[in-house]
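Breakdown of the fold
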Amino acid sequence: MEFFKQKVSYEGSESRNPYAFKHYNPDQKVAGKTMREWLPFSMSWWHTLSSGGRDPFGVETADRPWNGLDAMKASEMRVEAGFEFMEKLGVDYFCFHDRDVAPEAKTLKESNSNLDHIVDIIAEKMKATNKKLLWGTACLFTNPIYMHGASTSPYADVFAMACAQTKKALDVTHKLGGLSYVFWGGREGYETLLNTNMKKEQDNLAYFLKMAVEYKEKIGFKGKFLIEPKPKEPTKHQYDFDVASCLEFLRKYNLEKHFAINVEVNHATLAGHTVHHEINFARINDMWGSMDINFGDALLGWDTDQFPTNIYDASLIMYELMKQGGFTNGGLNFDAKVRRPSFTMDDLLASYIAGMDTLAWGLKVASIMIEDGYFDKNIDSRYSSYNSGIGAKISSKQVSLESLEEYALTLESIKFESGRQEVLEAELNQFIWKATK
Ligand code: XUL
Ligand code: CO
C-alpha cells in the first residue's frame, strides 16, 4: 500500500508546486555544511501518525487508512506509513512517546508487550531505511492515573508507575539508539496550593530524574537527557516553566550536568518570551540541546502546535543555531499538527514541506547575517565602553563600590548612543529579502 502521493524534491524558489521544496535543498552547502547536516529534521510520531484532529468540541476529522482498525493493526500500519513518509520527504529522524507507537493496555505488563512488538518492527524498518531515532519519551499524562501528577503525584503508587513506565521507555529508546531522551512534565505542576505540597512535589520530581540518570548510566545509554520547558497547559503552574526556571531547578538538585534543554517555540510564547530569548538563554548557558519546532498563534493563548511558516522567527532561530555550530544530540522536531480541517494524508506532506522550507530559508538568511556580521559588530560597539578605561577595569573585576564611587564623583557627563532598534529590525528584513534571491 502506498500512503503518500510522491517523493518530494527541490524545485527552487520559483516553484508553485505545493509538493516540492522551494528552499530546502538537502545537499546544498551553507557555511561549510549541507542543509541536511544543519537541519536534522524529525517527524513527531504523535502529531503525524497518531493524532486525528480531536479537539474539546469535536471528534477526529483526519482521513487515515488505519481509521477503524484494531489498535495493534493500526499501530503496525502507522509504522509503514511513518517510514514511507520520512523516505518521501527526506526526513532522517523521528521521535515518539511510548503510547503513540503502541496502544496502552489494561496492565503495565500488557502495555509493555504491545510496545515491544511495535518497537521490534520499528527496529527492522530503521535497519532497512537508515532512519534514526532523535528521542524517545514516556507519555506520563494521558492515562487517568496521572490526573494529580506523575512523579509529582501525591500518591506513591503513581510515582512508582511513572518510574516503571520511564524505565521501559528508556529501555526502548536505548535499544533503538536514540540520540536523546525527553522529559516533558505534562502533569508535573499544580492548580491550587490549597491542596499541594510544592516542596514535596519538587523534591520527588528531582528524585525521579536522579533515578533516571542512575538507570541511564547503568544500561550504558549514551544519549542526552533533555528537559522540555512549558509554563502552563495542562496544569495552571507547570514546574518546568521556562528555560531559566528549569536551569534553576536542575542546579538546585545538582542535575545540570546530566541534562540539556529541548526548547519548544510555542511553549516559549506561552511563557511570555520570544523563542529567540529562550534559545539564546539556553545557548549562553551551554544548555541548548534540541528544539521542538512548532509555532503558536498570536491571538490564541494555548499550545496550537502549528507548522512553522514565520520566516522572521525562523531566521532568528537559525541565527542562534549557526552561532552554536549546529546540534550534537539534537534536532528540529516537528512537534506540530495539521489544522483540524486539513484532514487529508497529503496535508501532512504539504505541511512538513512548508515547515522544512521555512527553516531552510531561515538558514540561508542566518548565514548571510553571520557572514555580514552587522548585528555582531553593532553589539560589540554598543558594549565597547567595557574595553578601555574604567570599563576595562570592570571587565577584569578590579574595582569595588568605593573605587567606583570615587570615579563616579568625578564624572561630568556620560556619552550615549542610540539603541537603533528600528534600524536593526529593518536591516533584518533586508537580510530576509537578500536570502530570497
Ligand atoms: C506538549 C509537548 C509534548 C512533548 C513531548 O506540549 O510539547 O509533545 O514534546 O512529551
Ligand atoms: Co514538545
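It should be noted that the structure appears before, not after, this text.
Because the structure is predicted, anything quoted here is derived from the model rather than measured.

1. Some thoughts on the coordination of the cobalt ion (ligand 2)
Each pair of donors in an ideal four-coordinate tetrahedral metal site encloses 109.5 degrees, whereas pairs in an ideal six-coordinate octahedral site enclose 90 or 180 degrees. Coordination sphere of the cobalt ion (ligand 2), protein contribution only: E228 (OE), E264 (OE), D292 (OD) and D335 (OD), at 1.9 to 2.2 Å. Because the angles between the six donor atoms bound to the cobalt ion (ligand 2) fall within 79 to 170°, the donor set is best described as octahedral. Site description for the cobalt ion (ligand 2): donor spacing in sequence, E-x35-E-x27-D-x42-D. Of this pair, E228 sits in the loop between β8 (224-227) and β9 (237-238) while D292 is found in strand β11 (residues 288-292), placing the two residues 64 residues apart along the sequence. For E228, a relative accessible area of 4% translates into the label buried. On the basis of relative accessibility, which here comes to 0%, the residue D292 falls in the buried class.

2. Some points on the packing of helix α6 (residues 156-175) against helix α7 (residues 198-219)
Running from amino to carboxyl end, α6 crosses α7 at an angle of 30°, the nearest separation of the two axes being 11 Å. Considering the angle they form, α6 stands roughly parallel to α7. The hand of the α6/α7 crossing is right-handed. Two secondary-structure elements touch here, α6 through F159, A162, C163, T166, K167, L170, D171 and H174 and α7 through N204, Y207, F208, M211, A212, Y215 and I219. Taken together, the residues of the contact of α6 with α7 break down into 10 nonpolar, three polar and two charged.

3. What about the site of ligand 1?
If you check the shell around ligand 1, you find W46, H97, W135, W184, E228, K230, E264, H267, D292, D303 and D335 and nothing else. Contact between ligand 1 and W46: an oxygen atom at 3.4 Å from a side-chain N or O atom of the residue. At a separation of 2.6 Å, an oxygen atom of ligand 1 approaches a polar side-chain atom of H97. In terms of residue class, the shell around ligand 1 is made up of three nonpolar, two polar and six charged.

Procedures and definitions
- Residues numbered from 1 in each chain as written.
- Chains lettered and ligands numbered in written order.
- Predicted model: local features only at pLDDT ≥ 70, side-chain atom pairs only at ≥ 80, totals over all residues.
- Heavy atoms only, no water.
- Donors = N, O, S within 2.8 Å, 3.2 Å for Na, K, Ca; no water.
- Tetrahedral: all angles 85-135°; square planar, octahedral: opposite > 155°, others 65-115°.
- Helix = DSSP H or I, 4+ residues; strand = E, 2+ residues; numbered from the N terminus.
- Buried < 20%, exposed > 50% of the residue type's maximum accessible area, 1.4 Å probe, protein only.
- Axes fitted to C-alpha atoms, helices over the stretch in contact; angles between N-to-C directions.
- Parallel < 35°, antiparallel > 145°, perpendicular 65-115°, else oblique.
- Left-handed = near helix turned anticlockwise from the far one by under 90°.
- Contact = heavy atoms within 4.5 Å.
- Nonpolar A, V, L, I, M, F, W, Y, C, P; charged D, E, K, R; others polar.
- Near = heavy atom within 4 Å.
- Polar contact = N/O pair within 3.5 Å; in protein donor to acceptor, adjacent residues only side chain to side chain.

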